[in-house]
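# Reading the structure
For reference, the chains in residue letters:
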Amino acid sequence: MSEQFVFQGRLAFEKLKAESNKLILLEVGAPHCGACETLKPLLHQLTTEQNGNCYLVDIDMTEDPDLAVELGVRSAPTVVLFKGDRQLEKIVGLKPKKFYAETIQKSL
């Protein structure tokens with residue numbers, strides 16, 4: 001059975017932060033956000049290409065507004081990269097795939 005690399009919600013994020021030293025991509029989005037829907041498959045693909053070196057956690061900012069506030073997220077989509085409790089990067093808005101790929105590589 002293969003390991004899971006894509007998760008949803010704050011509980012999954014908190015558990016991964018506490019239990020793993022792998023890179024975590026936290027994608028904060030909202031329903032009816034066109035850019036979020038465009039970004040989601042791109043991040044899934046980039047996560048898969050990392051061969052288990054990172055996790056992706058999808059957060060709906062309408063369901064987890066407290067987390068969005070804690071992270072200073074004011075617009076969707078926003079991608080926040082973590083290793084453990086340490087925030088490494090915050091990417092606001094939709095960017096080209098190459099930008100996300102390069103940011104992931106330098107954060108691994």
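Residues numbered from 1 in each chain as written. Predicted model: local features only at pLDDT ≥ 70, side-chain atom pairs only at ≥ 80, totals over all residues. Heavy atoms only, no water.

### Overview of the packing of helix α2 (residues 34-49) against helix α4 (residues 97-107)
Two quantities define a packed helix pair, namely the angle between the axes and the distance from one axis to the other. Running from N to C, α2 and α4 point in directions that differ by 40°, and their axes come no closer than 11 Å. Read as a crossing pair, α2 and α4 show a hand that is right-handed. In contact with L39, L42, L43, Q45, L46 and E49 of α2, α4 contributes K97, Y100, A101 and I104. For the contact of α2 with α4, a count of residues per class yields 7 nonpolar, 1 polar and 2 charged. (Axes fitted to C-alpha atoms, helices over the stretch in contact; angles between N-to-C directions. Helix = DSSP H or I, 4+ residues; strand = E, 2+ residues; numbered from the N terminus. Left-handed = near helix turned anticlockwise from the far one by under 90°. Contact = heavy atoms within 4.5 Å. Nonpolar A, V, L, I, M, F, W, Y, C, P; charged D, E, K, R; others polar.)

### Considering the layout of surface pockets
Estimated volume of the largest pocket: approximately 200 Å³. Taken together, 14 residues line the largest pocket, and the ones lying closest to its centre are Q8, K40, D58, I59 and D60. At the level of secondary structure, the elements contributing two or more residues to the lining of the largest pocket comprise β2 (23-29), α2 and β3 (54-60). Taken together, the residues that form the lining of the largest pocket break down as 4 nonpolar, 3 polar and 7 charged. (1 Å grid on protein atoms, 1.4 Å probe; cavity = no way out; pocket = protein on both sides within 12 Å on 5 of 7 lines; lining within 4 Å. Points joined across faces, edges and corners; volume = space filled by probe spheres on them.)

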